[in-house]
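A structural walkthrough
Listed here are the chains, written in short residue letters.
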Amino acid sequence: MCGRMTMTYHEATLLAEELGVPVEELDRAEFRPRYNIAPTDPHYILRIRDEGRELVAARWGLVNSWAKDASMAARQINARAETLAARPAFREAYQKRRCVVPADGFYEWTGPKSDRQPFWFHRPDGRLLLMAGLYESWQPKPGEWQRTFTIVTTTANELMAPFHDRMPVVLDEEQASRWMFKTTPPETLHRLMEPPPARALIATAVSKRVNSVANDDPSVMTPDPVAPRLL
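Description of the structure in this document. Nothing here was measured: the structure is a model prediction, and the numbers come from that model. (Residues numbered from 1 in each chain as written. Predicted model: local features only at pLDDT ≥ 70, side-chain atom pairs only at ≥ 80, totals over all residues. Heavy atoms only, no water.)

A few words on helix α3 (residues 173–180). The set of residues buried in α3 consists of A176, S177, W179 and M180. Down the axis of α3, the smallest arc covering the buried residues is 160 degrees, so these residues share one side. Its side-chain oxygen 3.2 Å from the backbone nitrogen of E174, D172 forms the N-cap of α3. (Buried < 20%, exposed > 50% of the residue type's maximum accessible area, 1.4 Å probe, protein only. Helix = DSSP H or I, 4+ residues; strand = E, 2+ residues; numbered from the N terminus. Arc of directions from axis to C-beta. Polar contact = N/O pair within 3.5 Å; in protein donor to acceptor, adjacent residues only side chain to side chain.)

A word on the packing of aromatic side chains. For any pair of aromatic rings, geometry is given as the distance between the ring centres together with the angle between the planes. The tally for this structure, following the rule as stated, stands at seven aromatic pairs. Each ring, one from Y94 and one from W179, has its centre 6.2 Å from the other, and the planes form 40 degrees; the classification is tilted. Here Y94 is found in helix α2 (residues 91–96), whereas its partner W179 is found in helix α3, with 85 residues between them in sequence. For the residue pair Y94 and W179, the accessibility class agrees, reading buried in each case. Through a chain of ring-to-ring contacts, three or more aromatic side chains come together here, namely F106, F119, F121 and F163. (Phe/Tyr/Trp six-rings, centres within 6.5 Å; stacked < 30°, edge-to-face > 60°.)

The residue A86 is located in the loop between β5 (78–80) and α2 in this model. Expressed as a C-alpha distance, the spacing of A86 and F106, which sit 20 residues apart in the sequence, is 27 Å.

If you want it as structure tokens, here you go:
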């Protein structure tokens, strides 16, 4: 499961360099760090275009091209790896429109519903997470196209299991390229969707302010010293 994520980079240039795309592809006037990205929010996806990488804007929550409205977007923020090839909502995108969703972390929660404690999952070195995704475009009205995406999830690894039975498919640089190439064979795609090693991520307890999507500022990521410790 992945229901919130972060992109806290302050410089568009740094993001572009790490993803291997021209910085001109980013609207630097619109670019800003995000600390609490929620479903249906705008974000970026990385895809292969004419043999090169392209970073484009998209909204989180896949809306199929045949959809009459965006009512399914919030229900299609994630797509289960095991059923991509079979589910009509994701089948064609899995075949033709695989992408990478860059972020520098995502949130998951633990504890009772009355007192949920958020944890921020991120790379030990602070660099980007490259999450497997799919994208689609649909028409909110005639002549107007909107790009949307979903994050592919797999079974939880040892780190994630105490929080949730699902987690995003996290790829390294080479795997990300293979995921995006249209000619990658199905058997390779299946291997790419296996859970990452537990050491690939660390979990940091953060402020409960992140529980509200209205809070999108650095304070939501303040480490919580009284949160329960991970075993």
